[in-house]
Structure formats: structure tokens, C-alpha cells
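Geometric and topological summary
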Amino acid sequence: MSNPPVIAAVDGSDHSLRALEWARTAALCRGTGLLVAHVLPDVSQLYAGRRSSLHDPNQPKRFADPVGDYVRGVLEAAPELPREVRYEALEGSVPEALRVIAAEAAPTMLVMGSRGRGGFATLLLGSNSRAVATTATCPVVVVPHADRDAPPADAHADSRHADGPHGTDPHGADPYGADPYGAGASAGRVVLGLHAAETPEDVLHFAFAEAAARGTTVQVVSAYALPPGPNLVIDSPFQVIPPEALADDGDAVPAEREMLRSQTERLAPLRARYPAVPVEQAAVPGDAAGRLVEASRTAALVVVGRHHPRPRSLLMGSVAHAVLQHAHGPVAVVPALHADEDV
């Protein structure tokens, strides 16, 4: 594939087929190829190893691959396919096999379901999804299973104003209907969780590139702490202030205005690089993870950074971990892709 592909990790489960559909549409949106990868079941891996070790030409070359056959049938029934679709059957453990192919293919992103075929129904995030999201060298998009879908929050409580050239966003269909990029009060937005002082540039670039590919808005959400007080309320809706409003004093608390100014400074190079992408800035008191989870009800994609990019580390920032555990829609976990951006 000439351009970096979108990798879809599948295992034949309903969860992975939702991820496959999301990846198919993302590849179409970006005009790139789709690489469908799955790890062979143990029995197939044992057969392949036995045939290789015995060097027996009488043994059939093809071994059972029911997942690959099933996924091919699913994609053949899709209304439209990316310009190039390739299939890879992998051997080894799921996390390690996906890490290896991600390192080799250098994809735009790797998309997988939140739980696999063998996951417990009570788990919100499977062990394979967690392991890949915390160690892969590329952005990993985790698509939640169907029972995590949630109706939009009150549209009046979630109203926002865009500062981009069009003022409003294009709204599509339901996030998991025919158009997986979302609907409702904030449908189609790419929501970026930003720590102004720590989030690596790669995370910002990924969010803006996604919004540019989809022709939609980036909503930037940062949290700030307030000293405790008897009348402190932290469950108010997003406070969105366009850049031109930062010139006056307004009604915002000092911590909020400082956060918005820090956002504006970090976002300036991205606005210059992606002038057609509308931007919303939201500064919220209290819990950043909770606000991102709430935004995920109707957002197309929530983007968070991974604060521990060491290749074999099983650590992840607390916000990214919480959002992965509880989000209602797709979440992209983006590592620092350059060594000088490790945090």
C-alpha cells in the first residue's frame, strides 16, 4: 500500500465487526487502503508449525482460517470498499502480533473492538485492547461494544459555538448506523483532550488531521482545578469561548481564562496548518476524564494522549485509561511518535 493504511484488527466477534466497519469508513474518508489483520486460532497455528517442521509436501498448504473467510464475506457485502484491501493472518499472541504488524506497516491508525470473542461480558475493556492501546507505536482507536451506546445528552446543555469559517459542523447519521461518524448535538466532532503543558504535538496533529479528513470541527477540552468553596458547582455544561472573546475580561474565573489562553497558544500552529478546520475551546472545572466520557456520547472520536510511550510499558495516563474504560464512542489513544516528545 503506497499510503499508510488503516489497520482493522478482527476476530470474527460482533465487537470486532463494529471496529471493522469503523475502519472501512475511516479508510474511505482518508482515501487510503485497509489492512485487515487477525491472529490465527491456536489450532491453525499448531497446524502451520507442524507442517513447517515436518516439511511434508503431502500436507495441504491451506489450513483452516474461519475468521478470515468470514471477514472476507462481510466486506464483500459492504456498499463500498477502500481502493485497496489486504488481509493478514498473524501468529502469536494477539497483543504482540498486532504490535509487530503496526510497527511494520506504520499505519495511520489501528482500529479494534473494546472486547474480543473471549472477553467476559462484564468487562468494559478487554485485556487485548488495553495491552495494544498502551504499547502500540501507532494511534489505536478502540470502538466500544453495542451496549456502551448511549443517547445524546441534553442538546441545550451541550450547545457550543465554532470559530471556524463555516460556524457549524456537518452532521451525519448515527455513529453506529450506516454512517459511523455520528449524529446529534455534537455529532461529527473530533474531541481532543488537551493538557496544555504535557500533551505531545503528535496527539494534536492526529486530532486535526482526523477533523480535516472528515470536514468537521475539533473540540478541545481541558480541565482546571478550583479551590474548594461552599458554592462550587462542577457539573455545569461546557464553557466554550472563541479566541476573539479572550481579549476582554468576561465572566470566566481566572483559572478558566488562563486555561483557555494556554489552549490558544498550543493550538496556534495547528490553526495555521489546518485553516479550514473549525475549532472549539472548552475549559471545564474538575474531572477531565468525566467530561471526555460525556462528550463521547455524540462525538465522532475522542482523542487522548498516551503519557507513557515506552515500547513495552503497560502504563497509561489516568485520563486515557478512564476514558477507554467508560467512553460511549470510539476513542483514539495516540502515543508520542517521536522520541523527543516523550513525557
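Look up: the structure comes first, before these words.
Some words on the nonpolar core
The tendency in soluble globular proteins is for nonpolar side chains to be buried as a group. Among the nonpolar cores identified, the biggest contains 39 residues, and Leu20, Leu34, Val111, Leu192 and Val303 are the most heavily contacted of them. Counting 35 residues, the second-largest nonpolar core is a separate cluster that includes Ala9, Ala97, Ala295 and Val333.

So, the environment of valine 279
The topology assignment puts valine 279 in strand 8 (residues 279-285). Each C-alpha atom, one on valine 279 and one on valine 218, is 4.9 Å from the other, the two residues being 61 residues apart in sequence.

Things to note about the sheet that holds strand 4 (residues 109-113)
Reading across the sheet, the ten strands line up as 3-2-1-4-5-10-9-6-7-8 and stay open at both edges, with mixed pairing between neighbours. Each of the sheet's edge strands pairs with one partner strand only, and the pair in question is strand 3 (85-90) and strand 8. Ignoring strand direction, the axes of neighbouring strands in this sheet form an average angle of 25°. By the bridge criterion, three bridges tie strand 1 (residues 6-9) to strand 4 in an arrangement that is parallel. Bridging from a neighbouring strand, isoleucine 7 pairs with leucine 110 of strand 4. Strands strand 2 (34-39) and strand 3 of the sheet are contacted by helix 3 (residues 66-76), whose axis makes an angle of about 150° with strand 2.

Some remarks on the pattern of salt bridges
Across all of its chains, the model carries eight salt bridges by this definition. Between glutamate 21 and arginine 24 there is a salt bridge; the shortest N-O distance is 2.7 Å. Here glutamate 21 pairs with arginine 24, and both are found in helix 1 (residues 14-30), just three residues apart, close to one helical turn. The salt bridge involving arginine 30 is made with glutamate 210; its shortest N-O contact spans 2.4 Å. One end of the pair, arginine 30, is in helix 1; the other, glutamate 210, is in helix 6 (residues 201-214), with 180 residues separating them in the sequence. Among the residues examined, glutamate 210 registers a relative accessible area of 2% and is labelled buried. The network of salt bridges with common partners includes Arg30, Glu210 and Arg214.

Details of the environment of histidine 321
Along the polypeptide, histidine 321 turns up in helix 9 (residues 318-326). Here histidine 321 falls in the partly exposed class, since its relative accessible area comes to 32%. Spatially, the C-alpha atoms of histidine 321 and valine 333 are 9.3 Å apart, while their sequence positions differ by twelve residues.

Description of the packing of aromatic side chains
Per the stated rule, a full pass over the model turns up one aromatic pair. Taking 5.8 Å as the distance between ring centres and 35° as the angle between the ring planes, the aromatic pair formed by phenylalanine 208 and tyrosine 274 counts as tilted. You can see phenylalanine 208 sitting in helix 6 and its partner tyrosine 274 sitting in the loop between helix 7 (254-273) and strand 8, a full 66 residues away along the chain. Accessibility assignment for this pair places phenylalanine 208 and tyrosine 274 in one class, buried. Seen from the ring of tyrosine 87, arginine 72 lies directly overhead, with NZ or CZ sitting 4.2 Å from the centre.

Section: the packing of helix 1 against helix 6
The contact between helix 1 and helix 6 brings their axes to 9 Å, and the two run at 80°. It follows that helix 1 is roughly perpendicular to helix 6 by the angle criterion. Judged by residue contacts, Trp22, Cys29 and Arg30 of helix 1 engage Ala209, Glu210, Ala213 and Arg214 from helix 6. Partitioning the contact of helix 1 with helix 6 into residue classes produces four nonpolar, no polar and three charged.

Let's talk about the side chain of arginine 189
Tracing the backbone shows arginine 189 in the loop between strand 5 (140-143) and strand 6 (190-193). Assessed through its relative accessible area of 7%, arginine 189 is described here as buried. At 2.9 Å, the side chain of arginine 189 forms a polar contact with the side chain of glutamate 280.

Quick word on the environment of glutamate 84
Its place among the elements puts glutamate 84 in the loop between helix 3 and strand 3. Counting along the chain gives 79 residues from glutamate 84 to proline 5, while the straight-line C-alpha distance between them is 9.0 Å.

About the criteria used
- Residues numbered from 1 in each chain as written.
- Predicted model: local features only at pLDDT ≥ 70, side-chain atom pairs only at ≥ 80, totals over all residues.
- Heavy atoms only, no water.
- Core = buried A, V, L, I, M, F, W, Y, C linked by side-chain atoms within 4.5 Å.
- Buried < 20%, exposed > 50% of the residue type's maximum accessible area, 1.4 Å probe, protein only.
- Helix = DSSP H or I, 4+ residues; strand = E, 2+ residues; numbered from the N terminus.
- Pairing = 2+ DSSP bridges.
- Axes fitted to C-alpha atoms, helices over the stretch in contact; angles between N-to-C directions.
- Contact = heavy atoms within 4.5 Å.
- Salt bridge = Lys/Arg side-chain N within 4 Å of Asp/Glu carboxyl O.
- Phe/Tyr/Trp six-rings, centres within 6.5 Å; stacked < 30°, edge-to-face > 60°.
- Lys NZ or Arg CZ within 6 Å of the ring centre and 35° of its normal.
- Parallel < 35°, antiparallel > 145°, perpendicular 65-115°, else oblique.
- Nonpolar A, V, L, I, M, F, W, Y, C, P; charged D, E, K, R; others polar.
- Polar contact = N/O pair within 3.5 Å; in protein donor to acceptor, adjacent residues only side chain to side chain.

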